[in-house]
Amino acid sequence: MHGADPRLVLGLHRSRHHRDILTAALDLGVTALDTAAPYLGFRSHAVLAETAADLLPKFALSTKVGFFPSAGGAEHSLDPVRLRLAVERAARELGREPDTVLLHNPERSLAGLSTPDGHTFLGNACTALADAARDGLCGAWGVASWDTRSLEMVQVDDLPSPDLLMVRAGFLVGIDLLDAINVLRTAWQPGETWGMSPFGGGHRKVWEEFDPRPFLRPRHEDLSRIQAAFRASFHLPSASAMAVGTDDPGHLAQLVQTLGAEVDTAAVSQYLRALHGHRQS
């Protein structure tokens, strides 16, 4: 069994929630688990409690609220009352209080709003989660955003500062979004940042054409391109942990193996400068 390493988070998006991937994660030292209310057809919390109640206390567990069942499948809401009830329901279904509850893709409800309205809606939602954490319904609160640009536009500097900000990471994130993430973090000052979806939801052909191993020091020819892409994603943008979804223990073991590799931050900086130069040309 490996020693615990909080830098890798097992994400359950698209996961079948089988017990074997949870036990494999613990054996590999992966002790952070991330899910969300709508995963597995809004059954994620209940299924975890049914199949792995004895394992859940061994994980630092984060979940997300903001999507709700509807006739069309799911709807998004920043209503603070609904969010508070969703946090209470998550704790009840899981059989324990989550360590962290994240506001799930708030940009879905901010699209098209004026800056003052967006500021008010987002502020009320953040206050609801901050209050839930204060009241002991979860250990901490945060925001998970697939596209932070609308959050940046509603001016967050005077809103409650999240304990955790989860954002897209890796080589497949464009420079416009990377810049927006950095602007948002400067204004909001979250406690820490996690990355997610470092492989962009698949796109394996990309790694056949692009070799990220030069971004490691040394180059680590013993690692695959996928492994190198994962390790470098911690700097695109800078993140203390990375959430990755998989049901394959072998894939998870390969990712754990990369954590000992060193990233060449000078190469990452040169890459970012090149992206900025290409955008301006």
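Right above here is the structure, for reference.
The residue numbers shown here count from 1 along each chain, following its written sequence. For a predicted model such as this one, the threshold for reporting local features is a pLDDT of at least 70, and the threshold for listing and counting side-chain atom pairs is 80 or more; totals across whole chains, interfaces and linings nevertheless cover every residue. The side-chain quantities take in all heavy atoms of the structure and omit both hydrogens and water.

1. As for the sheet that holds strand β3 (residues 60-65)
Quick note on the threshold: Note on pairing: two strands pair once DSSP finds at least 2 bridges between them. Runs of E in the DSSP output that reach at least two residues are strands. Runs of H or I that reach at least four are helices, and both are numbered from the N terminus. Between the N-to-C directions of two axes lies an angle of 0 to 180 degrees, each axis being a line fitted to C-alpha atoms and, for a helix, fitted only over the stretch in contact. We call two residues in contact when some of their heavy atoms are within 4.5 Å.
Strand order in this closed barrel of 8 strands is β1-β2-β3-β6-β7-β8-β9-β11, and the pairing throughout is parallel. Shown here is a sheet whose adjacent strand axes are inclined to one another by a mean of 25°, direction ignored. Across the face of the sheet, helix α8 (residues 175-188) comes into contact with β7 (140-145), β8 (164-168) and β9 (192-196) while running at roughly 170° to β8.

2. A few points about the nonpolar core
Stated formally: What is meant by a nonpolar core is a set of buried Ala, Val, Leu, Ile, Met, Phe, Trp, Tyr and Cys residues, joined one to another through side-chain atoms within 4.5 Å. Burial here depends on accessible area, computed with a 1.4 Å probe over protein chains only, as a share of the maximum for the residue type. Under 20% is buried, over 50% is exposed, and the range in between is partly exposed.
Of all hydrophobic cores here, the largest spans 45 residues; its most connected members are Leu-10, Leu-22 and Phe-230. Of all elements in the fold, only β1 (8-11), α1 (19-27), α3 (44-52), α10 (225-232), β11 (241-245), α11 (249-258) and α12 (265-280) reach the threshold of two or more residues within this core. Considering every element that reaches this core, the biggest residue donor is α10, with 5 residues. Sequence-distant contacts of Phe-230, that is, excluding residues within four places in its chain, are made with Leu-8, Pro-198, Phe-199, Met-242, Val-244, Leu-255, Thr-258 and Leu-259.

3. A short note on the packing of α8 against α12
Operational definition: Whether a crossing is left-handed or right-handed is set by the direction in which the near helix is turned from the far one by less than a right angle, anticlockwise for left-handed and clockwise for right-handed. In this count, Pro and Cys sit with the nonpolar residues alongside Ala, Val, Leu, Ile, Met, Phe, Trp and Tyr, while Asp, Glu, Lys and Arg are called charged and the others, Gly among them, polar.
Contact geometry for α8 and α12: axes closest at 10 Å, N-to-C directions at 115°. The handedness of the crossing between α8 and α12 comes out as left-handed. Seen from α8, the contacting residues are Ile-175, Asp-176, Leu-178 and Asp-179; seen from α12, they are Leu-272, Leu-275, His-276 and Arg-279. Tallied by class, the residues present in the contact of α8 with α12 amount to 4 nonpolar, 1 polar and 3 charged.

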